Amino acid sequence: MSSGVNYIEMARSSTRSEFIAACSFPFLIGRAALVKPRMPQRTMTSPSLDWEVEQPSTINIPRLDVAGHLPARPLPPLMVLAVRKIQEAFPAMITVGRTANNDIVLNDVQISKFHAFFRVTGSGFELCDAGSRNGTWIENRGLKPKGPPLGVHPGEMVRVGHLDFRFLDAGACWDELRAPANRRTPDPSPGS
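Residues numbered from 1 in each chain as written. Predicted model: local features only at pLDDT ≥ 70, side-chain atom pairs only at ≥ 80, totals over all residues. Heavy atoms only, no water.

1. Focus on the sheet that holds strand β8 (residues 141–142)
And step 1. Pairing in this open sheet of six strands is antiparallel, and the strands run β2-β1-β11-β10-β7-β8 from one edge to the other. In the strand order of this sheet, the two ends are held by β2 (78–82) and β8, each with one partner.
And step 2. Both strand β1 (residues 27–31) and β2 contribute to a ladder of five bridges, which runs antiparallel. Looking at the pairing, Leu28 lines up with Leu81 of β2.
And step 3. Along the sheet, helix α3 (residues 170–178) makes contact with β1, β2 and β11 (163–168), crossing β11 at roughly 120 degrees. (Pairing = 2+ DSSP bridges. Helix = DSSP H or I, 4+ residues; strand = E, 2+ residues; numbered from the N terminus. Contact = heavy atoms within 4.5 Å. Axes fitted to C-alpha atoms, helices over the stretch in contact; angles between N-to-C directions.)

If you want it as structure tokens, here you go:
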């Protein structure tokens, strides 16, 4: 998103080895419908998980189609985000956040301005929560705000706020983007 490169088109128009040669960094890949802020604002917090169901008459139940099935919901757009350094600030970190001064920009109301960061280590990558309001996870392990980083490995799930991604190396990213299920995706936004 930040770099203006459309990695989906790049994967579709190149061989696996060409894609890996051009992209020596990992990716975050997932489907997400971002809720963009209308103006500068504080990060919205996720609703509490301790909620009670309202009266049955107020619950919105989707209508079934003619065959008695729930209607298919369109898939959110595929997001492909390069995990690489773009900005000059904080040279030891690959920053993730809502604002344009991050390396990985997730313009969503539940993502903090500076939400988390990756670091390159001798053995791979680690991820640290930067004190975000809505949390960061690797698989099912929640990272402590401003706590110690945890190692993140290719194939693992990464959650930033309410957005889920898979952390993939370039080869696995190319495989995922070329998979039949991802060939019928809506046109990505510029720079995806």
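That covers the picture; the talk isn't over yet.
2. Topic: unusual backbone geometry
And step 1. A positive phi is found at Phe90, a non-glycine position, where the angle reads about 50 degrees.
And step 2. Note on placement: Phe90 falls in the loop between β2 and β3 (94–97).
And step 3. The exposure class assigned to Phe90 is partly exposed, which follows from its relative accessible area of 48%.
And step 4. The backbone phi angle of Glu139 is positive, close to 55 degrees, even though this residue is not glycine.
And step 5. Position of Glu139 among the secondary structure elements: in the loop between β7 (136–138) and β8.
And step 6. With relative accessibility at 41%, the residue Glu139 sits in the partly exposed group. (Buried < 20%, exposed > 50% of the residue type's maximum accessible area, 1.4 Å probe, protein only.)

3. Focus: the pairing of strand β5 (residues 116–121)
And step 1. Sheet topology note: the β3/β5 ladder contains three bridges and is antiparallel. The partner of Val96 across the bridge, within β5, is Ala116.
And step 2. Hairpin connection between β5 and strand β6 (residues 124–129): a loop of two residues separates the two successive antiparallel strands.

4. Points about the confidence of the model for the protein chain
And step 1. Averaged over every residue, the pLDDT of the protein chain is 82; residues scoring 70 or more account for 73%.
And step 2. Confidence drops under a pLDDT of 50 for residues 184–192, and excluding neighbours within four residues, the segment shows 13 contacts in the predicted structure. (pLDDT = per-residue confidence, 0-100.)

5. Quick notes on α3
And step 1. Looking only at α3, the buried set comprises Ala170, Gly171, Cys173, Trp174 and Leu177. When α3 is viewed along its axis, its buried side chains cluster within an angular range of 160 degrees and face the same direction.
And step 2. The secondary structure elements touched by the buried residues of α3 are α1 (7–12), α2 (16–22), β1, β2 and β11.
And step 3. For α3, the N-terminal cap is Asp169; the gap from its side-chain oxygen to the backbone nitrogen of Gly171 is 3.3 Å. (Arc of directions from axis to C-beta. Polar contact = N/O pair within 3.5 Å; in protein donor to acceptor, adjacent residues only side chain to side chain.)

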